[in-house]
Amino acid sequence: MTLMKNNKILLIFILVVFAQIATPLYMAWHWENILQTGQRFYWETEPIDPFDAFKGRYIDLRFREATAPIDDNSDLKYGQSAYAVISVNTEGKAFISGVRAEKPSDYQYLKVRVNHTEGDTAHVQLPFRRYYLPEEIASEAEAAYLNNAGRTSVAAVRLKDGYGVIEELYLGNKNLREYLRNSNTK
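Draft legend 1. A look at the nonpolar core. One finds Trp43, Leu61, Ile86, Ile96, Phe128 and Leu176 to be the most contacted residues of the largest nonpolar core, which totals 36 residues. When neighbours within four sequence positions are excluded, Ile96 is seen to be in contact with Trp43, Glu65, Ala66, Thr67, Ala68, Ala84, Val85, Ile86, Val124 and Leu126.

Draft legend 2. Summary view of the environment of Thr45. Its place among the elements puts Thr45 in strand 1 (residues 39-46). Thr45 sits in the buried class, given a relative accessible area of 0%. Along the chain, Thr45 and Leu169 lie 124 residues apart, while their C-alpha atoms are 9.4 Å from each other.

Draft legend 3. Quick look at unusual backbone geometry. Positive phi outside glycine occurs at Asn73, with the angle close to 60°. Residue Asn73 is classed as exposed on the basis of its relative accessible area of 77%. A positive phi is found at Asp161, a non-glycine position, where the angle reads about 55°. With respect to the helices and strands, Asp161 occurs in the loop between strand 10 (153-160) and strand 11 (163-171).

Cut-offs and rules
Residues numbered from 1 in each chain as written. Predicted model: local features only at pLDDT ≥ 70, side-chain atom pairs only at ≥ 80, totals over all residues. Heavy atoms only, no water. Core = buried A, V, L, I, M, F, W, Y, C linked by side-chain atoms within 4.5 Å. Buried < 20%, exposed > 50% of the residue type's maximum accessible area, 1.4 Å probe, protein only. Contact = heavy atoms within 4.5 Å. Helix = DSSP H or I, 4+ residues; strand = E, 2+ residues; numbered from the N terminus.

Here it is as structure tokens:
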């Protein structure tokens, strides 16, 4: 009986250890999988709030496209999860063409949180807004972004199964690293 009890305890211990190792590995794989296999969209960004030294080394992005019509007559409420239908305009930029309570099956979509509604328009919070940077270029990158935000900045975002990951930030027609390299050689 004691041997069987010891085996059960050992089995439970092994399962707990496996779960503790598997959970962070799955979380890392999930976001990396979106970056590798998700569909790319380009989102226009806006100027941001002033730098906050306590939040770490990232650029806090704001996106122009955060409102859209409610397209399924849902009664959306503050804080509710919803689904934003993603479309692309003639310039190749992503925008939210509609917001709905039910997950669309025939469109690319993004799971969002409703900030508020006005009539038949929903204002939503996109689930991505931080573009993380290596420590050595963070200050220079933030300054470059602040100088260009709202005029020529675009974030390339990969979407898959309702999740989004910022892949790259562009200033003008150059990605951030290329922009910084070129501005340093002038």
